[in-house]
Amino acid sequence: MPKTILAVNSYLEGREADCKNGLYSRAHLWGFWDLRDAGYDVKLFPGLPPSRQSSLVTGFTRLTRGYFGDVGGALSLIRASRGADAIYVASGEMPLLMLARKAGWVRAKVAKWA
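Every chain's residues receive numbers from 1 upward, in the order its sequence appears when written. The predicted origin of the model limits local features to residues at a pLDDT of at least 70 and limits the giving and counting of side-chain atom pairs to 80 or more, whereas totals for whole chains, interfaces and linings rest on all residues. Hydrogens and water are ignored here; the side-chain numbers use all heavy atoms of the structure.

1. Here's the deal with the overall build of the protein
Then, number 1: Secondary structure elements follow DSSP: runs of H or I of four or more residues count as helices, runs of E of two or more count as strands, with numbering from the N terminus. Secondary structure summary: the protein contains five helices and four strands in total.
Then, number 2: Across the protein, helices and strands are ordered from the amino to the carboxyl terminus as β-α-α-β-α-α-β-α-β.
Then, number 3: Any two residues whose heavy atoms approach within 4.5 Å at even a single point are treated as in contact. If you take every contact in the protein between residues at least 6 apart in sequence, the share linking residues at least 24 apart comes to 52%.
Then, number 4: Only the protein chains shown count as cover for residues, and all accessible areas are computed by the Shrake-Rupley method using a 1.4 Å probe. Accessible area of the protein: about 7500 Å², with a carbon and sulfur share of 56%.

Right under this line is the structure:
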C-alpha cells in the first residue's frame with residue numbers, strides 16, 4: 001500500500017485542475033506530482049473556507065492577532081491528518097499543527113518549508 005501524504009499549499013487552493021490542464025505551472029505544486037509519479041498517494045488539503053469557521057475560532061484568531069496562524073484551518077488539517085503518513089506544508093504558517101505533533105495528537109510526520 002502506498003504511503004499517504006497530505007499536501008498543504010494555501011495559495012494553490014482550487015488550482016489543481018488548472019495545473020493538470022496546463023493552465024497553471026506545475027512548479028507551483030512544489031513536487032506534489034513528482035511524489036505521485038513515484039507511487040505516493042498525495043492528497044491536496046483543500047483548507048477550510050472562512051465562511052465555514054465558527055465565530056469562536058474566528059474570534060480566537062482575531063484575539064491572538066494571528067499568533068497561532070489560521071486556527072480553523074489548522075484544526076481542520078489536524079482532523080484530516082488521520083490516516084496520513086506525512087504532512088507536507090509548502091506554504092502557510094502552522095504553529096498549531098506543530099504543537100499538536102509535539103503533543104502526540106498528530107502521528108504523521110511533518111515536513112514544512114521555513
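2. Considerations on the packing of helix H4 (residues 71-80) against helix H5 (residues 95-103)
Then, number 1: Axes here mean lines fitted to C-alpha atoms, for a helix over just the part in contact, with angles spanning 0 to 180 degrees between N-to-C directions. Contact pair H4 / H5: the axes reach a minimum separation of 8 Å and the direction vectors enclose 40°. The orientation of H4 relative to H5 falls into the category oblique. Both H4 and H5 take part in a crossing whose hand is right-handed. Packed against H4, whose contacting residues are Val71, Ala74, Leu77 and Ile78, the element H5 presents Leu96, Leu97 and Ala100 at the interface.
Then, number 2: Note that Gly is not counted as nonpolar here; it falls among the polar residues with everything else outside the nonpolar set of Ala, Val, Leu, Ile, Met, Phe, Trp, Tyr, Cys and Pro and the charged set of Asp, Glu, Lys and Arg. Among the residues forming the contact of H4 with H5, the class breakdown is seven nonpolar, no polar and no charged. Geometric relationships in this document are graded by angle, where less than 35 degrees denotes roughly parallel, more than 145 denotes roughly antiparallel, 65 to 115 denotes roughly perpendicular, and other angles denote oblique. Left-handed describes a crossing in which the near helix is turned anticlockwise from the far one by less than a right angle; the clockwise case is right-handed.

3. What about the pattern of salt bridges?
Then, number 1: For salt bridges, the criterion is a side-chain nitrogen of Lys or Arg within 4 Å of an Asp or Glu carboxyl oxygen. This model, assessed by the stated rule, comprises one salt bridge.
Then, number 2: In this structure, Asp41 and Lys43 form a salt bridge, with 3.7 Å as the shortest nitrogen-oxygen distance.

4. Quick look at the side chain of Ser81
Then, number 1: Within the secondary structure, Ser81 is located in the loop between H4 and strand E3 (86-91).
Then, number 2: For Ser81, a relative accessible area of 6% gives the class buried.
Then, number 3: Among the polar contacts listed, one links the side chain of Ser81 to the backbone oxygen of Ile78, at a separation of 2.7 Å.
Then, number 4: Residues in contact with Ser81, not counting those within four places in the same chain, are Leu6, Ile87 and Val106. In this scheme, a residue with accessible area under 20% of its type's maximum is buried, one over 50% is exposed, and one in between is partly exposed, where area comes from a 1.4 Å probe on protein chains only. As used in this structure description, the phrase polar contact means that two N or O atoms lie within 3.5 Å; if the pair is within protein, one of them must be able to donate a hydrogen and the other to accept it, and residues adjacent in sequence are counted only when both atoms belong to side chains.

5. Re the nonpolar core
Then, number 1: Remark: nonpolar core denotes a set of buried residues (Ala, Val, Leu, Ile, Met, Phe, Trp, Tyr, Cys) joined through side-chain atoms within 4.5 Å. In terms of nonpolar packing, the biggest core is built from 17 residues, with Val8, Leu77, Ile87, Met94, Leu97 and Val106 touching the most fellow members.
Then, number 2: Counting only elements with at least two residues in this core, the list comes to strand E1 (4-9), H4, E3 and H5.
Then, number 3: Among the nonpolar cores identified, the runner-up in size contains eight residues, and Ile5, Cys19, Trp33 and Tyr88 belong to it.

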